[in-house]
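# Coordinate inspection notes
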Amino acid sequence: MTLDEAREHIGDGVVYRTAHPALPAEDGTITSANDSYVFVRYGSQRTSAATNPADLKLLAAPKTEKD
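Owing to the predicted nature of the structure, the values given are computational and were not obtained by experimental measurement.

### Examining the overall build of the protein
If you tally the helices and strands in the protein, you get one helix and five strands. Mapped from its N terminus to its C terminus, the protein presents α and β elements in the order α-β-β-β-β-β. Looking at the protein as a whole, 19% of its 67 residues are labelled buried. Counting contacts in the protein only where the partners sit at least 6 residues apart, residues at least 24 apart contribute 38% of the total. Working note: accessible area of the protein is about 4900 Å², and carbon and sulfur atoms make up 49% of it.

Here is the structure:
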C-alpha cells in the first residue's frame, strides 16, 4: 500500500504483515497518514500505531461501479 492509497482508505480495515515470517499478521483500521507513516488502530487498542505503508494490505478490495 502507498501513503496516497492509505489516505484514500481512512476508516477501512487493513492487514499488517512484515517480511519476517515468524511474526503473525494483525488486522487493524487506518486512522490517518502523514508524510512517512500510516497510523493504524489494532484490535482493541485505544491508540494508533505508526506503520510502514508497505506492510499493509486492504482487507477487502474497494467496490467498483460493476459491483
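Now, onward.
### Details of the pattern of salt bridges
In this structure the tally under the stated criterion is two salt bridges. Two residues, D4 and R7, come together in a salt bridge whose shortest N-O distance is 2.9 Å. Placement of the pair is D4 and R7 together in helix α1 (residues 3-8), with a separation of three residues, close to one helical turn. Taking relative accessible area as the criterion, R7 reaches 35% and is therefore assigned partly exposed. When the shortest N-O distance is used, the salt bridge between R7 and D35 registers 4.0 Å. Here the residue R7 occupies a position in helix α1, and D35 occupies one in the loop between β2 (26-33) and β3 (38-42), the gap between them amounting to 28 residues.

### Here's the deal with the pairing of β3
Only one face of β3 is covered, namely the face carrying V38, V40 and Y42; the face carrying F39 and R41 is uncovered. Looking at chain direction, β2 and β3 are connected through five bridges and run antiparallel. Within β3, the residue paired with T29 across the bridge is R41. Bridge count between β3 and strand β4 (residues 49-51): three bridges; the pairing is antiparallel. Paired with V38 across the bridge in β4 is T51. The hairpin formed by β3 and β4 contains six residues between the paired strands, and G43 there has a positive phi angle of roughly 55 degrees.

Definitions and cut-offs
Residues numbered from 1 in each chain as written. Predicted model: local features only at pLDDT ≥ 70, side-chain atom pairs only at ≥ 80, totals over all residues. Heavy atoms only, no water. Helix = DSSP H or I, 4+ residues; strand = E, 2+ residues; numbered from the N terminus. Buried < 20%, exposed > 50% of the residue type's maximum accessible area, 1.4 Å probe, protein only. Contact = heavy atoms within 4.5 Å. Areas by Shrake-Rupley, 256 points an atom, 1.4 Å probe, with all protein chains shown as cover. Salt bridge = Lys/Arg side-chain N within 4 Å of Asp/Glu carboxyl O. Pairing = 2+ DSSP bridges.

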